[in-house]
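What follows is each chain in one-letter form.
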Amino acid sequence: MSRYAVVVAGGRSTRFGDRDKAVADLAGTPMIRRVADRVADATDRLVVNCRSDQREAIEDAMAGYPNPVRYAEDPEPDEGPTAGIRTGLRAAEAWADDDGTADGRDAAAFVVACDMPFVDPALVAALFDRLDGDGEGDAGDDEGDQGDDGGDSPDAVVPRVDDEWFQTTHAVYRAGAMADACDDALARGDRKVIAPLFELEYETVGADDLAALGVDDRSFENLNTREEFEAAAEAFARR
Ligand SMILES: Nc1nc2c(ncn2[C@@H]2O[C@H](COP(=O)(O)OP(=O)(O)OP(=O)(O)O)[C@@H](O)[C@H]2O)c(=O)[nH]1
Ligand SMILES: [Mg+2]
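Predicted model only: the values in this text are computed from it and were never measured.

> Got a sec to walk through the overall build of the protein? Specific residues and values, please.
Within the protein, the regular secondary structure consists of 7 helices and 10 strands. The C-alpha atoms of the protein give 17 Å as radius of gyration, which agrees with the globular expectation for 239 residues (18 Å, within 12%). For the C-alpha atoms alone, the extent of the protein along its principal axes is close to 50 × 35 × 35 Å. Residues counted as buried form 44% of the 239 residues belonging to the protein. In the protein, the proportion of contacts linking residues at least 24 apart, taken out of those at least 6 apart, comes to 72%.

> Give a detailed account of the UniProt feature "binding site: Mg(2+)" (unreviewed entry) in the protein, specifying residues and quantitative values.
As annotated by UniProt and renumbered to match this structure, "binding site: Mg(2+)" (unreviewed entry) occupies Asp 115. Within the element layout of this structure, Asp 115 appears in the loop between β6 (108-113) and α4 (121-131). Leaving out residues up to four positions away in the same chain, Asp 115 has contacts with Lys 21, Met 31, Asn 222, Leu 223 and Asn 224.

> Which residues make up the UniProt feature "binding site: GTP" (unreviewed entry) in the protein, and what are the values?
The sites that carry the UniProt feature "binding site: GTP" (unreviewed entry) are, in the present numbering, Val 8, Ala 9, Gly 10, Lys 21, Asn 49 and Asp 115. For this annotated set, covering 108 residues, all C-alpha atoms fall within 14.2 Å of each other, a compact arrangement in space. Tracing the backbone shows Lys 21 in the loop between β1 (3-8) and β2 (25-26). Exposure remark for Lys 21: the 26 C-beta atoms within 10 Å place this residue in the buried category. Once residues within four sequence positions are removed from consideration, Lys 21 is found in contact with Ser 13, Phe 16, Met 31, Asp 115 and Leu 223.

Rules used throughout
Residues numbered from 1 in each chain as written. Chains lettered and ligands numbered in written order. Predicted model: local features only at pLDDT ≥ 70, side-chain atom pairs only at ≥ 80, totals over all residues. Helix = DSSP H or I, 4+ residues; strand = E, 2+ residues; numbered from the N terminus. Rg over C-alpha atoms; globule rule 2.2 N^0.38 Å. Buried ≥ 20, exposed ≤ 12 C-beta atoms within 10 Å, placed from the backbone. Contact = placed C-beta atoms within 7 Å. UniProt positions renumbered as here; feature names shortened; annotations may be inferred.

Structure representation (C-alpha cells):
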C-alpha cells in the first residue's frame, strides 16, 4: 500500500507575523515545499491540509512536485492541529479507498507540521518500517506496545526526543485509527495535540533509537518566529 505524507498547514502563524509561514520564502524555497521535498522519496503520495484561503498559494508552492498531491481543506478553520491531522488523515484514507485494493483505514501516513523543514527522510523511512513491524526489536524500546498486550502492530509510531516530548506532528499513523482518535478527542473538547495518541496502540522511538538511526537533531525543529526562520534560512544557505 502507498505511503502517505500528510502536511498540516492550517495554522495562523501568529508568532511569525502577518504572513503565512507555510509559504514564506526559506532560502529560496517556500517552507512547505521544503518539508514536502524532504519526505518525497520516503512517501508515495502527499496530502496537504490547509484552509481554503491558503490553497492557491500552497498549490503554487507545490508546482512540479514529484508525487501526486491532494488538498484536504479544513471544513471549519482554526479548530487546531488535531482537527488538521484528522482532516488530512481522512483524505489519505479516502485516497487509499479509491484504489480498491485494501481498507483505506489501514493506510500508513507520516504526519508532519509545515514548519519542520529539517525533517530527516531516514527517520521517516524508519518510522514506516516500525509501523509495518520490521524495524528495530522492542528490547531496547523505552515504551514498547501500549494498550493491550496482543502484540499486534501499532497504530502509531512516535519519536520521543530526550525520551520526553512526544513528537505527534512528526510521526506515522494508521489513518483510520488516528482520525477516529482525533474525532474522539475533539468531541471531548480536548484540543491537546497529544490527546489522540493515548487512545491508540503506539510505540515510541526514543533517544537511543534516534541516535542509533543517526537522526538529524534538527529534524524536530519547528520554526515559529521570524528569528527562528532567519536562523534556519542561514543554515540552509550554508548547506
Ligand atoms: N488545520 C489546522 N492546522 C493548524 C491549526 N493550528 C495550527 N495548525 C498547524 O499545526 C502545526 C503546528 O502549529 P503551530 O506551530 O502553532 O503553527 P501556527 O498555529 O500556524 O502558529 P502560531 O499562530 O504562531 O501558533 C502547523 O503546521 C500549523 O499549520 C488549525 O487551527 N488548523
Ligand atoms: Mg499555533
